[in-house]
Amino acid sequence: MKTKKTLLALALSAAGLLAVPAAFAQNGPADNGGWFINGNVGRTAINQGPYDGHDTGYALNGGYRWSLAPNFALGAEVGYNDLGNIHAKNIFNSQPVVADNKSQLHGWTVGANAHLDLSPNWYLSGRAGLYSWTGHGLSNDVNPVRRSLDSNSWYAGAGVGYNITPNLSVGVNYDYFDAQKHNIDLSTDMVSASAEYRF
């Protein structure tokens, strides 16, 4: 039942985000808007309570941007990420790639994103929205207890990138994902490399 409520909330949020930029886009040029997909892979960090470490994380997103000015577009996005339990270096040894003792933080995102062109090639990006997450963590108590958790919170990030072609770009990003519940803090940040394709 809770999963259905979460999915309904995500759908309604996405619908609202789609409606707001559309109202403004009618006065803007249509040269830098449209559908897009992007992916990030990078280093995650968690330094809360009993946790202090780094792993490999990834995120996949898709959405639509509306052109509000010749060098600025605002849009809506939905995505999925896995931030807490992948050890890429263990691919080359006998250790497990997925570690059960980590935070195992993953979840769905829905939010707004912005794209500001500084020149024909260079751009700044930003994003923020709702983060519906699931994870496993140790409480920050004298006698820590490991629990499975899920909740809704927020995420935000920024990046800089380079347009290789009008449709393809690469970039570097910083993102923060808030995830706290019952004295367990799995909040994680990620520094990543990204690639985006615009249709």
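Structure: above.
A quick note: this is a predicted structure, and the numbers were derived from the prediction, not measured.

Engineer: So what's going on with the packing of aromatic side chains? Which residues, and what values?
Structural biologist: Working definition: an aromatic ring pair is given by the centre-to-centre distance plus the angle between the planes. Inspection of the entire model under this criterion finds nine aromatic pairs. Taking 6.5 Å as the distance between ring centres and 50° as the angle between the ring planes, the aromatic pair formed by Tyr58 and Tyr80 counts as tilted. Placement of the pair is Tyr58 in strand β2 (residues 53-69) and Tyr80 in strand β3 (residues 72-86), with a sequence separation of 22 residues. Arranged with centres 5.1 Å apart and planes meeting at 80°, the rings of Tyr197 and Phe199 form a pair that is edge-to-face. Positioned above the aromatic ring of Phe36, the side-chain terminus of Arg65 is 4.0 Å from the ring centre.

Engineer: Pulling in residues and values, what's your account of the side chain of Asn163?
Structural biologist: For Asn163, the position within the fold is in strand β6 (residues 146-163). Sequence-distant contacts of Asn163, defined by excluding residues within four places in its chain, comprise Asp117, Pro120, Asn121, Tyr123, Leu168, Ser169 and Arg198.

Engineer: Got a sec to walk through the pairing of strand β7 (residues 168-177)? Specific residues and values, please.
Structural biologist: Covered by surrounding structure in β7 are Ser169, Gly171, Asn173, Asp175 and Phe177 only, the residues Leu168, Val170, Val172, Tyr174 and Tyr176 on the alternate face being uncovered. Inspection of the sheet shows β6 paired to β7 by nine bridges, in the antiparallel sense. Counted as the bridge partner of Tyr162 is Val170 from β7. The turn joining β6 and β7, which pair antiparallel and follow one another in sequence, is formed by four residues. Direction of pairing for β7 relative to strand β10 (residues 188-198): antiparallel, over a ladder of ten bridges.

Engineer: An account of the nonpolar core is requested, with residue identities and associated values reported.
Structural biologist: In terms of nonpolar packing, the biggest core is built from 13 residues, with Leu83, Leu105, Tyr131, Trp133, Phe177, Ala179 and Leu186 touching the most fellow members. Counting only elements with at least two residues in this core, the list comes to β5 (122-138) and β6. With residues near it in sequence (within four places) discarded, Leu83 still touches Thr44, Asp55, Gly57, Tyr58, Leu105, Tyr131, Phe177, Thr188 and Met190.

What counts and what doesn't
Residues numbered from 1 in each chain as written. Predicted model: local features only at pLDDT ≥ 70, side-chain atom pairs only at ≥ 80, totals over all residues. Heavy atoms only, no water. Phe/Tyr/Trp six-rings, centres within 6.5 Å; stacked < 30°, edge-to-face > 60°. Helix = DSSP H or I, 4+ residues; strand = E, 2+ residues; numbered from the N terminus. Lys NZ or Arg CZ within 6 Å of the ring centre and 35° of its normal. Contact = heavy atoms within 4.5 Å. Buried < 20%, exposed > 50% of the residue type's maximum accessible area, 1.4 Å probe, protein only. Pairing = 2+ DSSP bridges. Core = buried A, V, L, I, M, F, W, Y, C linked by side-chain atoms within 4.5 Å.

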